[in-house]
Amino acid sequence: RLVAEGKQVISPTGHPEGKQAEGITAVPFNFDKPDEIAKSLEGVSVLYNTYWIRFAHRDMTFDKAIANSKTLIRAAKDAGVRRIVHISIANPSADSPLPYYRGKAIVEEAIRESGMTYGILRPAVIFGDKGILINNIAWFLRHMPVFIAPGNGEYCLQPIFVEDLADLAVTRGSNDEKVILDAVGPEKFAFNDLLDLIKGTVGSRTLIMHLNPKLAYPMSRLLGYALKDVVLTWDEVEGLLANLLVSDQPPTGHTLLSQWLEENVDWIGTKYMSELGKHYRA
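These numbers come from a predicted model, not from an experiment.

Student: Hey, could you go over the overall build of the protein chain for me, with residue numbers and the actual values?
Tutor: Helices and strands together make up the secondary structure of the protein chain, namely ten helices and twelve strands. Here the C-alpha atoms of the protein chain give a radius of gyration of 19 Å, agreeing with the 19 Å that 2.2 N^0.38 yields for 282 residues. Expressed along its principal axes, the backbone C-alpha trace of the protein chain runs to roughly 55 × 35 × 35 Å. Across the 282 residues of the protein chain, 50% fall into the buried class.

Laid out in structure tokens, this is it:
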């Protein structure tokens, strides 16, 4: 969106070798060298921040992700950045027992106290051509005889299309209003209904079974070992059961997941998408 508008884009990233593109200059994060981050952000007016981790892995912990985020925020301030558009999560809380949600709330607070203006966007679930969650649910429904759902499956999700989120982010980058906004689509699904929708769309005959979350989660870990990935985290299970992936605000996206699935049925779920492969393995 930004390149199409003629903007010059600098992208700090953990994988600069794979992010070079026309109109985009990729630079390494260098969290251990804040001065270099600040130097790379000189002349930047808006920082669009998507940095975070889905789960702790090796030496990367949520505490380290929080510290890295604060380093990036301070570097942006030192570089003269006027505004941050930050991608957070629906229903973060500094009092949450879940490290993912608690960490998101701590980073939001650091942004609010930075002195820069901000637009904080809180998506619940993101879908699109690189969206892991919806794709991998479809993959399991295409390839497994049984799908294990934790709990009763009546908890809800409210997905937003990645392109709608991009539009929302660019729009919020063009003004100086301090705003915190849920980024959610027009459809709200009980998890059971979402499974039925994906199952029907891809023509699956997989049996849906419901298990106590304390049994379902270890089974997901066994699948993860087989796939060399992290299929599901306990924070995600608890977040689902607590209905944290929905909003009571009006929808800010317009694309229907149900329609998008129909339009992309030829490929959705045909290949497994690995979180570890995407972020930690070459």
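On we go from here.
Student: Before we move on, can you summarise helix α7 (residues 213-227) with the specific residues and values?
Tutor: Taking 1.5 Å per residue as the helical rise, α7 with its 15 residues ought to reach 21 Å, and the 20 Å between its terminal C-alpha atoms agrees with that figure. Pro213, Ala216, Tyr217, Ser220 and Gly224 are the residues of α7 that are buried. End-on view of α7: buried residues confined to an arc of 100 degrees, all on one side of the axis. Relative to its buried face, α7 has exposed residues pointing more than 90 degrees away, namely Lys214, Leu215, Leu222, Tyr225 and Ala226. In this structure, the buried side of α7 is in contact with β7 (146-150), β12 (207-211) and α8 (234-241). Between a side-chain oxygen at the N-terminus of α7 and the backbone nitrogen of lysine 214 the separation is 2.8 Å; the capping residue is asparagine 212. Count one or two residues on from α7 and you reach lysine 228, which has phi positive near 55 degrees.

Student: Can you lay out the pattern of salt bridges for me, pointing to particular residues and giving the numbers?
Tutor: Following the criterion strictly, the structure yields ten salt bridges and no others. Taking the shortest distance from any N to any O, the salt bridge between glutamate 275 and arginine 54 comes out at 3.2 Å. Here glutamate 275, found in helix α10 (residues 275-279), pairs with arginine 54, found in the loop between β3 (46-49) and α2 (62-79); they are 221 residues apart in sequence, far enough to count as distant. The buried category is assigned to glutamate 275, whose relative accessible area is 11%. By relative accessible area, which is 18% here, arginine 54 ends up buried. Put simply, Arg1, Glu163 and Asp167 are held in one network by salt bridges that share partners.

Student: Residue-level account of the environment of glutamate 108, with values.
Tutor: Take glutamate 108: it is sitting in helix α3 (residues 99-112). Sequence separation of glutamate 108 and glutamate 262 is 154 residues, and the distance between their C-alpha atoms is 36 Å. Setting aside chain neighbours within four positions, we find glutamate 108 in contact with His86, Ser88, Pro92, Ile120 and Arg122.

Student: Could you give me a rundown of helix α5 (residues 162-172), with the residues and numbers involved?
Tutor: All buried positions along α5 are accounted for by Asp164, Leu165, Leu168, Ala169, Val170 and Arg172. Here the buried face of α5 lies against β3, β4 (83-87), β5 (117-123), β6 (125-127), β9 (159-161) and β10 (179-183).

Student: Talk me through a nonpolar patch on the surface; I want residue IDs and the actual numbers.
Tutor: A cluster of nonpolar side chains, Val146, Leu207 and Met209, forms an exposed patch at the surface whose accessible area comes to about 230 Å². As for its placement among the helices and strands, valine 146 is situated in strand β7.

Student: Tell me about the packing of α7 against α8, residues and numbers included.
Tutor: Interhelical geometry of α7 versus α8 gives an angle of 145 degrees and a closest axis separation of 10 Å. For the pair α7 and α8, the sense of crossing is right-handed. Contact residues: Pro213, Lys214 and Tyr217 in α7; Trp234, Val237 and Leu241 in α8. A per-class count over the contact of α7 with α8 returns five nonpolar, no polar and one charged.

The rules behind these values
Residues numbered from 1 in each chain as written. Predicted model: local features only at pLDDT ≥ 70, side-chain atom pairs only at ≥ 80, totals over all residues. Heavy atoms only, no water. Helix = DSSP H or I, 4+ residues; strand = E, 2+ residues; numbered from the N terminus. Rg over C-alpha atoms; globule rule 2.2 N^0.38 Å. Buried < 20%, exposed > 50% of the residue type's maximum accessible area, 1.4 Å probe, protein only. Expected span 1.5 Å × (residues − 1). Arc of directions from axis to C-beta. Contact = heavy atoms within 4.5 Å. Polar contact = N/O pair within 3.5 Å; in protein donor to acceptor, adjacent residues only side chain to side chain. Salt bridge = Lys/Arg side-chain N within 4 Å of Asp/Glu carboxyl O. Patch = residues over 30% accessible without salt bridge, like charges linked within 9 Å, V, L, I, M, F, W, Y side chains within 5 Å. Areas by Shrake-Rupley, 256 points an atom, 1.4 Å probe, with all protein chains shown as cover. Axes fitted to C-alpha atoms, helices over the stretch in contact; angles between N-to-C directions. Left-handed = near helix turned anticlockwise from the far one by under 90°. Nonpolar A, V, L, I, M, F, W, Y, C, P; charged D, E, K, R; others polar.

Fair warning: the whole summary comes from geometry, so function is off the table for now.
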